[in-house]
Amino acid sequence: MTAPVAPAAVELAYARQSWTTAVHLEAALRRRCQVTLRGPGQPAPPAELPASSPVLWVESGVGWFPPPRSLRGPSAAYLIDTHRGWRWRASVASAFGTAFVAQRAAVAAFASVGVPATWLPLAAAAELCEPGPALADRPYDVAMVGHVTPGSLRAEVLAALQRCCLVAPVPGFLPPPEMMQVYRSSRVVVNVPLSGDLNMRAFEALGARSTLVTGRMDGADGVLGQLPVVVPPEAGPSAWVEAVTAAAERADQERADAGYRLVTTEHTYDQRAQVLLAALADQRPAQRSSAAVAGALAGGWARWGDVGEVWGLTRSPRRSATALAWRGLTATKGLVGSRTPSRWVHRHT
């Protein structure tokens, strides 16, 4: 049987943020096919594309979804943050011909509401992966980057490390190339996942040829094997310090080299792009009605509190009320959050 031919062109739909997953996928896709962009912050798209044009929507930190009319042909969705709430994401996923999720647990969660999905882990950008100096020649013991909230485990671990290790300085937000340079300056990269998620930081740390000390991540055993040093989730800051100092002192170059080879050969966005393009090429004509697609997308717009979009898609007072409720809840949480000081050590969650 002849394998499906990958599409020569694809429409990549996402709300642009310079650090989001879709930016790395865009670069990988452009090495394989023609890419047209659609979404907030993107260049104005050409006149309406033919209905048969494959569409790939990738979740970012901005609530935006492509219009139903763009999903008439082959389409795929890549849901990134399912560990932070999956029900509305499952609704959105059902609007597309194929759905992928970055977190393994979401496959079963989506299935529980009748939405099939395939696990496609995050990765590292091939163009940002460089080996850097040997571990023994790096100036810092450890780099720890992420959103740090006072009183959190991340804050406690960072404070404990700063008392005993040379921690790479991170002045604030860093674009991806500068972030990777920080990783390459450190023998160890610390990863404290928020919800046991297999995050991009894990792949990027290995792509910088650093030793990864990480909390438990769902699915890591299947894609990373025994390369990362895993700290049990019940352990406190002292256990993290012990693991980091031991890894920094040992400077296990063989482990770092193996991690670098694994990521650069199996876990870059080039490999993920191949999977996505193959899925679009193999997709059969959709059986979803226009009303079903609109209703599914409305589930996402409602979660982002966009009453106008929900009403325009469904003309449903009930769904519009749900959107209004989410808008109010988000505003309340934002007000409370604004009173809680936190700082960005870097861009990742």
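Everything that follows concerns the structure shown earlier in this document.
These lines cover the structure that appears in this document, whether it is placed above or below. Remember, predicted model here, so these are calculated numbers, not experimental data. (Residues numbered from 1 in each chain as written. Predicted model: local features only at pLDDT ≥ 70, side-chain atom pairs only at ≥ 80, totals over all residues. Heavy atoms only, no water.)

### Notes on empty space enclosed by the protein
- Following the criterion strictly, the structure yields 1 cavity of 30 Å³ or more and no others.
- Within this model, the largest cavity holds a volume of roughly 30 Å³.
- Among the residues making up the lining of the largest cavity, the classes are represented as 6 nonpolar, 2 polar and 1 charged. (1 Å grid on protein atoms, 1.4 Å probe; cavity = no way out; pocket = protein on both sides within 12 Å on 5 of 7 lines; lining within 4 Å. Points joined across faces, edges and corners; volume = space filled by probe spheres on them. Nonpolar A, V, L, I, M, F, W, Y, C, P; charged D, E, K, R; others polar.)

### Details of the nonpolar core
- In terms of nonpolar packing, the biggest core is built from 57 residues, with Val58, Tyr78 and Leu224 touching the most fellow members.
- No other element matches the 6 residues that helix H10 (residues 269–281) contributes to this core.
- Excluding residues that lie within four positions of it along the chain, leucine 224 makes contacts with Leu198, Ala202, Phe203, Leu206, Met217 and Leu262.
- Listed in part, the 28 residues of the second largest apolar core include Ala13, Val55, Ala99 and Val115. (Core = buried A, V, L, I, M, F, W, Y, C linked by side-chain atoms within 4.5 Å. Buried < 20%, exposed > 50% of the residue type's maximum accessible area, 1.4 Å probe, protein only. Helix = DSSP H or I, 4+ residues; strand = E, 2+ residues; numbered from the N terminus. Contact = heavy atoms within 4.5 Å.)

### Things to note about the pairing of strand S4 (residues 75–79)
- Counting buried positions along S4 yields 5 of 5 residues, so the element is predominantly enclosed.
- Residues Ser75, Ala77 and Leu79 point to one face of S4 and Ala76 and Tyr78 to the other, with burial holding for every one of them.
- Relative to S4, strand S3 (residues 55–58) is paired through 4 bridges, and the arrangement is parallel. Bridging from a neighbouring strand, valine 58 pairs with tyrosine 78 of S4. (Pairing = 2+ DSSP bridges.)

### Points about the pattern of salt bridges
- In total, this model carries 11 salt bridges according to the counting rule given.
- Taking the shortest distance from any N to any O, the salt bridge between arginine 38 and glutamate 11 comes out at 2.2 Å. Note that arginine 38 is positioned in strand S2 (residues 34–38) and glutamate 11 in strand S1 (residues 9–13), a separation of 27 residues in sequence. In this structure, arginine 38 and glutamate 11 share a single accessibility class: buried.
- Put simply, aspartate 270 and arginine 32 hold a salt bridge, and the shortest N to O gap is 2.7 Å. Pair noted here: aspartate 270 is in helix H10 and arginine 32 is in the loop between helix H1 (21–30) and S2, with a separation of 238 residues, a long-range link.
- Look at aspartate 270 and you get buried, because its relative accessible area is 10%.
- Since its relative accessible area comes to 32%, arginine 32 is described here as partly exposed.
- Each of the salt bridges in this network shares a partner with another, and the network as a whole consists of Arg31, Arg32, Glu127 and Asp270. (Salt bridge = Lys/Arg side-chain N within 4 Å of Asp/Glu carboxyl O.)

### Examining the environment of alanine 6
- Examined against the element boundaries, alanine 6 turns out to sit in the segment before S1.
- The partly exposed category is assigned to alanine 6, whose relative accessible area is 44%.
- Residue contacts for alanine 6: discarding those within four places in its chain leaves Leu277 and Ala281.

### Some thoughts on helix H9 (residues 253–266)
- Compared with an ideal rise of 1.5 Å per residue, which puts 14 residues at 20 Å, H9 spans 20 Å between its outermost C-alpha atoms and is within 8% of the ideal.
- Among the residues of H9, those classed as buried are Ala256, Gly259, Tyr260, Leu262 and Val263. The arc enclosing the buried residues of H9, seen along the axis, measures out at 165°, which places them on a common side. Facing away from the buried side of H9 by over 90 degrees, the exposed positions are Glu254 and Thr265.
- Between a side-chain oxygen at the N-terminus of H9 and the backbone nitrogen of glutamate 254 the separation is 3.2 Å; the capping residue is aspartate 252. (Expected span 1.5 Å × (residues − 1). Arc of directions from axis to C-beta. Polar contact = N/O pair within 3.5 Å; in protein donor to acceptor, adjacent residues only side chain to side chain.)

### Digging into the sheet that holds strand S10 (residues 211–215)
- Judged by pairing direction, the sheet is parallel, and its 4 strands sit side by side in the order S7-S9-S10-S11 without closing on themselves. Two strands bound the open sheet, and with one partner strand each, they are strand S7 (140–144) and strand S11 (229–231). Averaged over all neighbouring strand pairs, the angle between strand axes comes to 25°, with direction disregarded.
- Pairing geometry for S7 and strand S9 (residues 186–191), over 4 bridges, is parallel. The partner of valine 142 across the bridge, within S9, is valine 188.
- Where helix H5 (residues 176–184) meets the sheet, its contacts fall on S7 and S9, and the angle it forms with S9 comes to roughly 115°. (Axes fitted to C-alpha atoms, helices over the stretch in contact; angles between N-to-C directions.)

### Quick notes on the packing of helix H6 (residues 200–207) against H9
- As a packed pair, H6 and H9 sit with axes 7 Å apart at the nearest point and diverge in direction by 120°. With respect to H9, the axis of H6 lies oblique. For the pair H6 and H9, the sense of crossing is left-handed. Where H6 approaches H9, its residues Phe203, Leu206 and Gly207 are matched on the opposing element by Gly259, Tyr260 and Val263. (Parallel < 35°, antiparallel > 145°, perpendicular 65-115°, else oblique. Left-handed = near helix turned anticlockwise from the far one by under 90°.)

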